[in-house]
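Structural description and commentary
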Amino acid sequence: MSTRRVVNSFLASLALALASVGAVTLSAGPAAANPCGFYETASDAYYNHCTSDGSHIVIEVDDWGPNSERCVVPGVTWLGSSSDIDGAWYTGRTC
């Protein structure tokens, strides 16, 4: 194999690898800010209903005592203090 062919092959592989890393970095940034479903910050608990159909859904919230249900709209809903909420999930129902 000629040196020119080896160098071209190496540069093409390097360009592909760098493009892949750039694509992963760009796509991971915004999604990590407000992930779909339940997530917590250091002080607060949220549920992000990611949808494009405008549906309102029922979620079950694991809080102190018996679990409770809430109707959430598309987007981010504040559930309470992260010390009071252990999780939340979609029940499969709309409201």
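In this text, all values refer to a predicted model and were calculated from it rather than measured experimentally.

Reading guide: rules and limits
Residues numbered from 1 in each chain as written. Predicted model: local features only at pLDDT ≥ 70, side-chain atom pairs only at ≥ 80, totals over all residues. Heavy atoms only, no water. Core = buried A, V, L, I, M, F, W, Y, C linked by side-chain atoms within 4.5 Å. Buried < 20%, exposed > 50% of the residue type's maximum accessible area, 1.4 Å probe, protein only. Helix = DSSP H or I, 4+ residues; strand = E, 2+ residues; numbered from the N terminus. Pairing = 2+ DSSP bridges. Axes fitted to C-alpha atoms, helices over the stretch in contact; angles between N-to-C directions. Contact = heavy atoms within 4.5 Å. Disulfide = S-S within 2.5 Å.

**Some words on the nonpolar core**
- The biggest cluster of nonpolar side chains holds nine residues, and these are Ala45, Tyr47, Ile57, Ile59, Val61, Val72, Leu79, Ile85 and Ala88.
- Those elements that place two or more of their residues in this core are strand 2 (44–49), strand 3 (57–63) and strand 6 (85–94).
- Broken down by element, the residue count for this core peaks at three residues, all from strand 3.

**Some thoughts on the sheet that holds strand 5 (residues 75–81)**
- As summarised here, the arrangement of the three strands in space is 1-2-5, forming an open sheet in which the pairing is antiparallel. Taken across any chain shown, the strands that pair with only one partner, and hence form the sheet edges, are strand 1 (37–40) and strand 5. Averaged over neighbouring strand pairs, the angle between their axes works out to 25° when direction is ignored.
- The pairing of strand 1 with strand 2 spans four bridges and is antiparallel. Across the sheet, the residue bridging to Tyr39 is Tyr46, located in strand 2.

**Topic: the environment of Ala45**
- Along the chain, the position of Ala45 falls in strand 2.
- Under the relative-accessibility criterion, Ala45 is labelled buried at 0%.
- Along the sequence, Ala45 and Asp86 sit 41 residues apart, while their C-alpha atoms lie 8.5 Å from each other.
- Not counting residues within four places of it along the chain, the set of residues in contact with Ala45 comprises Phe38, Tyr39, Glu40, Thr77, Trp78, Leu79, Gly80, Ser81, Ser82 and Ile85.

**A word on the state of the cysteines**
- Evaluation of the coordinates by the stated rule reveals two disulfides.
- Between Cys36 and Cys50 runs a disulfide, and the two sulfur atoms are separated by 2.1 Å. Handedness here is read from the sign of the S-S torsion; for Cys36 and Cys50, about -105°, the answer is left-handed. One end of the pair, Cys36, is in the loop between helix 1 (3–33) and strand 1; the other, Cys50, is in the loop between strand 2 and strand 3, and 14 residues separate them in sequence.
- Covalently, Cys71 is tied to Cys95 through a disulfide, its sulfur atoms 1.9 Å apart. What sets the handedness of the Cys71 and Cys95 disulfide is the S-S torsion sign, and at about 80° it is right-handed. In this pair, Cys71 is assigned in strand 4 (residues 68–72) and Cys95 in the segment after strand 6, connecting sequence segments 24 residues apart.
- Note on Cys71: relative accessible area 44%, which makes it partly exposed.
- Among the residues examined, Cys95 registers a relative accessible area of 47% and is labelled partly exposed.
- Cysteine pairing in the chain follows 1-2, 3-4, where each cysteine in a disulfide is numbered by its order in the sequence.

By themselves these figures say nothing about function.
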